[in-house]
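# Structure at a glance
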Amino acid sequence: MYPNHILVRFGELTTKGKNRKIFTQRLLKNTKEILKEYKLLTYQLVYDHLYIMLNGEDSDEVTNKLKTVFGIHSFSICYKTASSMDIIKEIACRIIDEDEGNTFKIDTKRADKDFPLTSLEMNKAIAGYVFHHTKKENLKVDVHNPQIRVKIELRKDYTYIMDNVIKGAGGYPVGVGGKALLMLSGGIDSPVAGYLMMKRGIDIECIHYASPPYTNEKAREKVLDLADVMKNFTHGRIAVHIIPFTGLQLSVYDHCDESYAMTVMRRMMYRIAEKVCEKRHIQAIVNGESVGQVASQTLDSMNTINSVIRTPVIRPVACLDKLEIIDLAEKIGTYDISIRPFEDCCTIFTPKRPATKPKKYKAEVYEKAWDFMSQIEECVENMETIVIDEHYKNEEEDLF
């Protein structure tokens with residue numbers, strides 16, 4: 001007999017009271033989407049657990065995918081078997097023999113109160129069987145800090161037996177908190193910001209500003225590859241909106257003093273992002289700004305840039321230093337993509353002496369020099385939307 005179930009625990013979702021069902025149903029939906037390539041899986045959602053029946057699917061592959069699902073506190077691979085002491089003893093002994101540890105504890109939760117043995121009596125009976133049948137020579141019981149903890153959940157008609165507790169991604173299921181538009185530049189910070197938003201249950205779409213021929217196809221591919229990694233933490237799908245930004249960006253540099261070019265350019269980006277939010281019914285804008293990291297990320301700059309829109313702007317990494325952001329990027333698998341040597345429109349046009357304390361009225365004076373609103377409308381009208389899902393890499397491979 002092989003492990004045939006995965007027991008998923010909700011953690012923080014159990015505190016949601018009357019809204020619990022909304023959260024757990026969304027978690028079930030997202031889990032099915034992320035695991036949809038495994039056709040044999042079946043699911044059972046109960047009050048505070050989700051049971052996934054493997055039905056022959058590879059447990060290692062499935063658990064690797066489950067680790068990315070926000071809303072899951074932890075999960076265990078387990079056996080589902082008849083509530084028979086003979087079978088329970090045999091499986092518990094097998095689990096202990098297959099584990100590398102030498103100390104163990106049996107932990108029984110007896111939901112069926114009609115079962116002839118109490119939880120304590122079951123623990124003693126199973127441990128006694130293990131000592132008489134184990135293949136290990138130095139096996140000991142340790143009730144306080146065991147290397148192997150065999151958990152047994154005994155029901156009336158069946159029993160779950162497990163030993164491994166695998167930590168999940170935590171947070172809330174993506175989608176329960178609405179949707180935000182992530183300004184995805186291609187650097188290290190913005191994918192981390194998107195990840196942190198998704199962990200709080202916020203679904204995301206991405207916006208990227210492309211300035212060909214100053215930015216090339218490799219820079220675009222880099223952004224799409226980042227979205228491809230990030231989709232693994234959602235329901236398996238992310239829309240990326242590519243904005244043709246060249247004309248508007250050149251107008252900014254034609255009409256602004258170099259010290260204010262970055263400020264005015266960011267104001268244009270925010271205006272475009274707000275219009276995309278309105279078009280896509282999105283409630284907030286997200287970016288990877290970290291306070292003080294560059295000139296456009298001082299509080300004065302943020303205030304001047306933010307003033308052109310009413311849509312909320314959220315900065316999840318605002319108080320993290322660069323090393324902390326890099327650590328998170330490595331953890332989620334975006335770092336190696338972000339450091340590819342292909343620059344985005346912001347880095348290519350970086351001025352030598354940008355204003356670190358720009359004034360709103362000065363930015364407004366520069367903007368009055370030309371009809372930027374018509375160019376903003378043109379950017380939004382010519383926006384290209386690419387959906388990144390499980391077909392993205394396959395379609396890419398077909399092109400070459």
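Residues numbered from 1 in each chain as written. Predicted model: local features only at pLDDT ≥ 70, side-chain atom pairs only at ≥ 80, totals over all residues. Heavy atoms only, no water.

An unreviewed UniProt entry lists the protein chain under the name Probable tRNA sulfurtransferase, from Eggerthia catenaformis OT 569 = DSM 20559. Check the Sequence similarities (unreviewed entry) section of the UniProt entry for the protein chain; it says "Belongs to the ThiI family." One UniProt comment on the protein chain, placed under Pathway (unreviewed entry), says "Cofactor biosynthesis; thiamine diphosphate biosynthesis." (UniProt positions renumbered as here; feature names shortened; annotations may be inferred.)

Our next topic: the packing of aromatic side chains. For the structure shown, the criterion picks out 10 aromatic pairs. With centroids separated by 5.5 Å and ring planes inclined at 45°, the aromatic side chains of Tyr260 and Tyr366 adopt a geometry described as tilted. In this pair, Tyr260 is assigned in helix 8 (residues 258-280) and Tyr366 in helix 13 (residues 360-367), connecting sequence segments 106 residues apart. The exposure class of Tyr260 is buried, given its relative accessible area of 6%. Take Tyr366: its relative accessible area is 23%, and that puts it in the partly exposed class. Linked through ring pairs, Tyr51, Tyr158 and Tyr160 together constitute an aromatic cluster. The side chain of Lys80 reaches across the aromatic face of Tyr158, ending 4.2 Å from its centre. (Phe/Tyr/Trp six-rings, centres within 6.5 Å; stacked < 30°, edge-to-face > 60°. Helix = DSSP H or I, 4+ residues; strand = E, 2+ residues; numbered from the N terminus. Buried < 20%, exposed > 50% of the residue type's maximum accessible area, 1.4 Å probe, protein only. Lys NZ or Arg CZ within 6 Å of the ring centre and 35° of its normal.)

As a further point, take helix 4 (residues 119-133). For helix 4, which comprises 15 residues, the first-to-last C-alpha distance of 21 Å matches the rise-based estimate of 21 Å (1.5 Å per residue) to within 8%. The complete set of buried residues in helix 4 reads Met122, Asn123, Ile126, Ala127 and Val130. Seen along its axis, helix 4 keeps its buried residues to an arc of 125°; they face one direction. In this structure, helix 4 carries Leu120, Lys124 and His132 as exposed residues pointing more than 90 degrees from its buried face. (Expected span 1.5 Å × (residues − 1). Arc of directions from axis to C-beta.)

Bringing a negative patch on the surface into the picture now. Where like charges cluster on the molecular surface, the negative patch consists of Asp321, Glu324, Asp327, Glu330 and Asp336. Top contributing element to the negative patch by residue count: helix 10 (residues 322-332), with three residues. (Patch = residues over 30% accessible without salt bridge, like charges linked within 9 Å, V, L, I, M, F, W, Y side chains within 5 Å. Areas by Shrake-Rupley, 256 points an atom, 1.4 Å probe, with all protein chains shown as cover. Salt bridge = Lys/Arg side-chain N within 4 Å of Asp/Glu carboxyl O. Lys, Arg positive; Asp, Glu negative; His and termini not counted. Charge placed at Lys NZ, Arg CZ, Asp CG, Glu CD.)

To continue, consider unusual backbone geometry. With an omega of 5°, the peptide bond running from Pro212 to Pro213 counts as cis. Among the secondary structure elements, Pro213 is positioned in the loop between strand 11 (203-210) and helix 6 (217-230). In this structure, Asn55 takes a positive phi of about 50° despite not being glycine. One non-glycine residue, His281, lies in the positive phi region at around 55°.

Before going further, it helps to examine the sheet that holds strand 14 (residues 313-314). Read across the open sheet, the six strands follow the order 14-13-10-11-12-15; overall the sheet is mixed. With partners counted over all chains shown, the strands left at the sheet margins are strand 14 and strand 15 (384-388), one partner each. Bridge count between strand 13 (residues 284-286) and strand 14: two bridges; the pairing is parallel. Following the sheet pairing, Val286 is matched in strand 14 by Ile314. Sheet strands touched by helix 8: strand 10 (179-183), strand 11, strand 12 (238-244), strand 13 and strand 14. Its angle to strand 11, the strand with the most contacts, is close to 140°. (Pairing = 2+ DSSP bridges. Contact = heavy atoms within 4.5 Å. Axes fitted to C-alpha atoms, helices over the stretch in contact; angles between N-to-C directions.)

Okay, the packing of helix 7 (residues 246-255) against helix 14 (residues 372-381) next. The N-to-C vectors of helix 7 and helix 14 enclose an angle of 155°; their axes lie 9 Å apart at closest approach. By the angle between their directions, the pair helix 7 and helix 14 is classed as roughly antiparallel. Helix-helix and strand crossings are classified by hand; for helix 7 and helix 14 the assignment is left-handed. Contacts from Gly247, Leu248 and Ser251 in helix 7 reach Phe372, Gln375, Ile376 and Cys379 in helix 14. Split by residue class, the contact of helix 7 with helix 14 holds four nonpolar, three polar and no charged. (Parallel < 35°, antiparallel > 145°, perpendicular 65-115°, else oblique. Left-handed = near helix turned anticlockwise from the far one by under 90°. Nonpolar A, V, L, I, M, F, W, Y, C, P; charged D, E, K, R; others polar.)

Another aspect to go through is the domain arrangement of the protein chain. Interface size, as often reported, equals the accessible area lost upon joining of the parts. Each domain of the protein chain was delimited in the assignment, giving domain 1 (5-167) and domain 2 (179-388). A straight line from the C-alpha centre of domain 1 to that of domain 2 covers 44 Å. Across the boundary between the two partners, domain 1 contributes six residues, which contact nine residues of domain 2. Between domain 1 and domain 2, roughly 690 Å² of surface is buried when both sides are summed, and carbon and sulfur atoms account for 58% of that area. Together, Ile34, Thr68 and Phe70 form the three largest contributors to the area buried by domain 1 at its contact with domain 2, with a combined 67%. The interface formed by domain 1 and domain 2 includes one residue pair in polar contact (both at pLDDT 80 or more). (Domains from an automatic or database assignment. Buried area = accessible area lost by both parts, 1.4 Å probe. Polar contact = N/O pair within 3.5 Å; in protein donor to acceptor, adjacent residues only side chain to side chain.)

The next subject is the confidence of the model for the protein chain. Of the residues in the protein chain, 94% reach a pLDDT of 70 or more, and the chain-wide mean stands at 91. With pLDDT under 50 throughout, residues 396-400 is counted as low confidence; its partners more than four residues away or in other chains account for two contacts. (pLDDT = per-residue confidence, 0-100.)

Taken as a whole and judged by the stated rule, the model has zero disulfides. As a non-bridged cysteine, Cys78 has Cys93 as the owner of its nearest cysteine sulfur, 19 Å distant. Assessed through its relative accessible area of 0%, Cys78 is described here as buried. Not engaged in a disulfide, the cysteine Cys277 finds its nearest cysteine sulfur in Cys206; these two sulfurs lie 12 Å apart. (Disulfide = S-S within 2.5 Å.)

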